[in-house]
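Reading the structure
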Amino acid sequence: MIEGLFSQILSFQELNHLKFILILSLFNFIYFLTPLPTTFIVIFNGFIFRTNGFIYSIFFTLFGSFLIFEFAKNLSKKKIFNQKFFKFCKKKIQMIKFIKTPNNGIIFLSRYIIPYFVHNIMFGFLETKLRRFMLIILLAEIPLILSFNNIGKSLNNFVLLKDYKISDLFLDYEFLLSFLFVFSIILIASSVEKRIIKKNN
């Protein structure tokens, strides 16, 4: 069933490439402005566009982050921010000791701990400099997006190639290295998060 669905998507790409790119671009643009997890769309882009999926994902990640960050930053400067809800949000953010005065390392590490959408909102509220924020998240996102994109590429082979077995998938060095990298990031992020919770209690 999954194989048939992806085959239909790829066949549509071959029939009308420009229309396919426009639809996927619009889908990515909307998706990266939502609080939904970005992991799935990055893997999907790697599956559909293979190596080019990395460029696609990094562009929309940065563009979406820029828009969300600027929205939060501008919101914090307007009178609407004086309302109880926004005051409560900012107070909660500032209660997190390690984020109260964020340096480059904190912005970088927290990208792996805090969800994409919340991370952009949070540092927008804290009025971090845009250029600094964008450069740091670019450096943080490159290895992670590259890894998820490689997983998507490998899954493309697994789903669409007839003679491609699950053993071939786990012997694919790109898939294996990417999977191990993502797994390591999850373990490190989890460990750092536990230490932060202990310090803030």
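Read on for an overview of the structure. (Residues numbered from 1 in each chain as written. Predicted model: local features only at pLDDT ≥ 70, side-chain atom pairs only at ≥ 80, totals over all residues. Heavy atoms only, no water.)

Concerning the nonpolar core
Worth spelling out the cut-off: Among the buried residues, those of types Ala, Val, Leu, Ile, Met, Phe, Trp, Tyr and Cys that are joined through side-chain atoms within 4.5 Å form a nonpolar core. Remark: exposure states derive from per-residue accessible area (1.4 Å probe, protein chains only) relative to the maximum for the residue type, with buried under 20%, exposed over 50%, and partly exposed in between. Only DSSP runs of H or I with at least four residues qualify as helices, and only runs of E with at least two residues qualify as strands; both kinds are numbered from the N terminus onward. Residues count as neighbours in contact if any of their non-hydrogen atoms are within 4.5 Å of one another.
Counting 42 residues, the largest nonpolar core has F133 and F148 as the members making the most contacts within it. At the level of elements, α2 (17-31), α3 (39-49), α4 (52-77), α7 (104-113), α8 (116-125), α9 (130-160) and α11 (173-200) are the ones that each hand at least two residues to this core. Top contributing element to this core by residue count: α9, with nine residues. Beyond its immediate chain neighbours, meaning those up to four positions away, F148 contacts T39, V42, I43 and V182.

What to know about the packing of α2 against α4
Here is the rule we go by: The axes are straight lines fitted to the C-alpha atoms, using for helices just the contacting stretch, and the angles between their N-to-C directions are given from 0 to 180°. Under this scheme an angle from 65 to 115 degrees is roughly perpendicular, one under 35 degrees roughly parallel, and one over 145 degrees roughly antiparallel; angles in between are oblique. Here is the rule for handedness: rotate from the far helix to the near one, and if that takes an anticlockwise turn smaller than a right angle the crossing is left-handed, while a clockwise turn gives right-handed.
Closest axis-to-axis distance for the α2/α4 pair is 10 Å, and the angle between their directions is 40 degrees. Overall, the two elements α2 and α4 adopt an arrangement that is oblique. Where α2 crosses over α4, the handedness of that crossing is right-handed. Contacts between α2 and α4 involve I21, L24, S25, N28 and F29 on the former and, on the latter, Y56, F60, F63 and L67.

A word on unusual backbone geometry
For R50, which is not glycine, the phi torsion reads 55 degrees and is therefore positive. By the element assignment, R50 lies in the loop between α3 and α4.

Re the pattern of salt bridges
Going by this rule: Salt bridges are counted wherever a side-chain nitrogen of Lys or Arg sits within 4 Å of a carboxyl oxygen of Asp or Glu.
For the coordinates displayed, the defined rule picks out one salt bridge. For R111, the salt bridge identified is with E141, shortest N-O distance 2.8 Å. Placement of the pair is R111 in helix α7 and E141 in helix α9, with a sequence separation of 30 residues. There is no split in this pair, since R111 and E141 are both buried.

Let's talk about a nonpolar patch on the surface
Rule in force here: Any residue with relative accessible area above 30% and no salt bridge may belong to a patch, with like charges joined within 9 Å and the nonpolar Val, Leu, Ile, Met, Phe, Trp and Tyr side chains within 5 Å. Each accessible area is a Shrake-Rupley estimate made with a 1.4 Å probe; only the visible protein chains count as cover when residues are assessed.
Judged by side-chain polarity, L26, F29, I30, F59, F63, F66 and L67 come together as a nonpolar surface patch covering roughly 600 Å² of accessible area. Elements that contribute at least two residues to the nonpolar patch include exactly α2 and α4. Among the elements that take part in the nonpolar patch, α4 stands out by supplying four residues, more than any other. Take L67: its relative accessible area is 30%, and that puts it in the partly exposed class.

A closer look at the packing of α2 against α3
Filter applied, for reference: Residue polarity follows a fixed list, in which Ala, Val, Leu, Ile, Met, Phe, Trp, Tyr, Cys and Pro are nonpolar, Asp, Glu, Lys and Arg are charged, and the others, Gly among them, are polar.
In the contact formed by α2 and α3, the axes pass within 11 Å of each other and the chain directions differ by 165 degrees. The angle between the axes of α2 and α3 places the two elements in the roughly antiparallel class. Read as a crossing pair, α2 and α3 show a hand that is left-handed. Across the interface between the two elements, F20, I21, L24, F27, N28 and Y31 from α2 touch F40, I41, F44, N45, I48 and F49 from α3. Residues of the contact of α2 with α3, tallied by class, amount to 10 nonpolar, two polar and no charged.

Just geometry here; none of it tells us what the structure is for.
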